[in-house]
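So the chains spell out like this:
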Protein chains: 2
Amino acid sequence: MPGAMLGAIEAGGTKFVLAVGPSPDRILARHTIPTRDPATTLAEAAAWFAAQGGESALGIGSFGPVELDRASPKWGFITTTPKPGWADTDFAGHLARALGGVPVGFDTDVNAAAIAEHAASGRDGGGSLAYLTIGTGIGGGLVLDGRPVHGIAHPEIGHIYPRRHPEDTDFAGICPHHGDCLEGLASGPAIIARWGASLSKLPADHPGHAIIADYIAQACHTLFASVAVEEVVIGGGVAQTPGLVERVAERARALDAGYLPGGERHAVIRPRLGTNSGIVGAMMLARAAAGA
Amino acid sequence: MPGAMLGAIEAGGTKFVLAVGPSPDRILARHTIPTRDPATTLAEAAAWFAAQGGESALGIGSFGPVELDRASPKWGFITTTPKPGWADTDFAGHLARALGGVPVGFDTDVNAAAIAEHAASGRDGGGSLAYLTIGTGIGGGLVLDGRPVHGIAHPEIGHIYPRRHPEDTDFAGICPHHGDCLEGLASGPAIIARWGASLSKLPADHPGHAIIADYIAQACHTLFASVAVEEVVIGGGVAQTPGLVERVAERARALDAGYLPGGERHAVIRPRLGTNSGIVGAMMLARAAAGA
């Protein structure tokens with residue numbers, strides 16, 4: 001019964017992952033398209049969903065910034081992104097209309113991933129977890145006490161200022177807004193700008209491994225201390241560097257120094273869903289929208 | 001009708017503030033007692049409440065660390081505090097029994113203050129706000145999307161690591177766990193350890209004003225970026241230094257550099273309830289417990 005299928009989009013700056021299936025844990029078809037201008041990309045996505053036979057609801061986990069306030073006339077929009085052509089794009093509304101008026105669930109890509117990882121962790125109803133992605137950019141999604149966090153917009157943890165590592169004091173950082181914020185220091189492009197290669201291509205004894213692990217560990221400690229998450233799940237391309245997540249976990253433990261309440265339960269881990277956290281989370285947003 | 005009165009405790013490391021009244025905005029009597037050993041202090045509090053004529057519920061905003069997990073057998077306890085005698089104290093249970101089995105609401109002192117400031121801000125049902133106290137210690141409470149945050153324990157934002165100010169590189173910090181974490185650098189005792197006087201006693205042109213404002217502003221930026229609060233409300237003794245909150249607000253704006261979504265709505269402010277945020281929040285915890 002095609003009408004009972006859920007549709008999902010994990011929308012990134014370079015590609016869109018599309019999926020359909022009857023439930024988040026049963027994706028029957030998936031398709032990847034490049035992120036071009038909004039008109040072209042959204043039309044291509046809509047055409048693929050139409051060819052799957054019709055969906056009862058759509059979930060979108062999107063790059064941002066996005067508008068998540070249901071009371072805003074701009075709900076479901078990508079708002080002020082520097083990505084050419086995408087600022088002020090009615091992402092959710094456009095696709096809802098293209099798919100015949102289906103209900104749409106909409107959140108950030110990293111909140112979608114956090115929702116999926118939270119579900120995969122088995123903490124029904126409660127539990128607090130952060131999902132960090134370390135890749136072309138750095139972003140974070142949060143589920144606190146069982147609920148995704150929006151605040152007045154959404155978390156942008158890539159733009160906190162970590163303390164500079166003593167062996168990394170010369171590099172100015174590449175964030176156009178903040179210079180040496182977390183994203184300016186530890187994203188994939190920041191690593192390449194500094195050392196001419198991705199972290200996984202640097203020799204095992206290169207100081208970059210400890211430096212990047214330290215910056216990500218500071219973000220983990222900040223999350224443990226400021227919102228008392230139990231787990232920080234680390235995804236994204238940079239996080240696939242062998243040994244990195246283990247280094248981050250060790251360094252975060254050292255930063256805590258045994259102080260924080262509940263700290264014996266803290267964990268820094270790889271995604272339970274591998275690279276599927278975002279698209280599975282978007283399926284969950286679709287399921288929630290279908291039930292609303 | 002005394003039985004319809006609410007009782008409240010704001011429990012700090014040096015004093016307990018006790019209050020009774022029919023609602024959070026109507027405190028009819030209040031009393032302050034020094035924080036001695038648990039048996040003495042809790043008995044004195046219970047005696048004062050009994051003398052008021054009986055309460056229908058009690059709210060407690062407590063120093064910590066505390067156990068907030070309702071599923072834990074240690075719910076309502078002060079857990080691992082270094083304060084002599086207070087570790088593993090059944091705070092909520094002891095007073096519930098002493099007051100004849102009344103329902104008890106229990107949270108951290110700073111979450112209680114955040115709940116009260118959130119209510120005072122008029123954001124019914126939603127809204128995201130942090131309450132920071134800068135005093136003998138540094139702590140923070142959070143209301144996100146209308147709900148207080150617990151996580152696996154509670155926020156301890158005093159123990160994040162701010163970037164060191166370029167004019168404050170020699171001082172090692174006084175936190176026994178972390179040295180130069182936020183509390184180790186910017187709490188009242190850290191200020192006195194460094195400059196021999198409280199911030200409000202230092203000359204207006206002393207560099208300490210900008211240094212401390214910078215550290216607190218980094219905490220504000222971290223909260224704006226990591227959980228997208230709209231406001232950071234700053235209370236506590238150090239925050240009463242003339243001009244400090246304004247300096248923090250200005251420095252936090254500079255750290256954001258116009259980037260964060262919703263940033264035009266960010267505010268760093270003094271408590272709307274003055275020094276009453278904590279006790280009013282404890283009254284709100286009592287009201288919620290009475291209705292549960």
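Summary of the structure given here. Model, not experiment: these values are computed from the prediction. (Residues numbered from 1 in each chain as written. Chains lettered and ligands numbered in written order. Predicted model: local features only at pLDDT ≥ 70, side-chain atom pairs only at ≥ 80, totals over all residues. Heavy atoms only, no water.)

Regarding empty space enclosed by the protein
Link 1 in the chain: Applying the stated criterion to the full structure yields three cavities of 30 Å³ or more.
Link 2 in the chain: By volume, the largest cavity amounts to about 140 Å³.
Link 3 in the chain: Taken together, 16 residues line the largest cavity, and the ones lying closest to its centre are Tyr161, Pro162 and Thr222 of chain A together with Tyr161 and Thr222 of chain B.
Link 4 in the chain: Elements that contribute at least two residues to the lining of the largest cavity include exactly helix H6 (208–227) of chain A together with helix H6 (208–227) of chain B.
Link 5 in the chain: In terms of residues, the lining of the largest cavity owes the most to one element, H6 of chain A, which gives four residues.
Link 6 in the chain: Its residues placed into classes, the lining of the largest cavity shows eight nonpolar, six polar and two charged.
Link 7 in the chain: Reported here for the second largest cavity is a volume of approximately 80 Å³.
Link 8 in the chain: Taken together, Leu144, Asp145, Arg147, Pro148 and Val149 of chain A together with Leu144, Asp145, Arg147, Pro148 and Val149 of chain B make up the full set of residues lining the second largest cavity.
Link 9 in the chain: Residues of the lining of the second largest cavity, tallied by class, amount to six nonpolar, no polar and four charged. (1 Å grid on protein atoms, 1.4 Å probe; cavity = no way out; pocket = protein on both sides within 12 Å on 5 of 7 lines; lining within 4 Å. Points joined across faces, edges and corners; volume = space filled by probe spheres on them. Helix = DSSP H or I, 4+ residues; strand = E, 2+ residues; numbered from the N terminus. Nonpolar A, V, L, I, M, F, W, Y, C, P; charged D, E, K, R; others polar.)

As for the state of the cysteines
Link 1 in the chain: Within this structure, the stated rule accounts for zero disulfides over all chains.
Link 2 in the chain: With no disulfide partner, cysteine 175 of chain A has as its closest neighbouring cysteine sulfur the one in cysteine 181 of chain A, 3.7 Å distant.
Link 3 in the chain: The thiol of cysteine 220 of chain B is not disulfide-bonded; the next cysteine sulfur, from cysteine 181 of chain B, is found 16 Å away. (Disulfide = S-S within 2.5 Å.)

Regarding the interface of chain A and chain B
Where interface size is quoted, it is often the accessible area lost as the parts come together.
Link 1 in the chain: Facing the 43 residues of chain A at the interface are 43 residues of chain B.
Link 2 in the chain: When the two sides are added together, the surface that chain A and chain B hide from each other amounts to roughly 3800 Å², 59% of it contributed by carbon and sulfur.
Link 3 in the chain: The largest share of the area that chain A buries against chain B comes from Ile152, Arg163 and Tyr259 of chain A, three residues that together contribute 22% of it.
Link 4 in the chain: Where chain A packs against chain B, one counts two salt bridges.
Link 5 in the chain: With its nearest N and O atoms 3.0 Å apart, the salt bridge here joins aspartate 180 of chain B to arginine 163 of chain A.
Link 6 in the chain: Seen at the junction of chain A and chain B, the total is 24 residue pairs in polar contact (both at pLDDT 80 or more). (Contact = heavy atoms within 4.5 Å. Buried area = accessible area lost by both parts, 1.4 Å probe. Salt bridge = Lys/Arg side-chain N within 4 Å of Asp/Glu carboxyl O. Polar contact = N/O pair within 3.5 Å; in protein donor to acceptor, adjacent residues only side chain to side chain.)

So, to be careful, I would describe these as geometric facts and stop short of saying anything about function.
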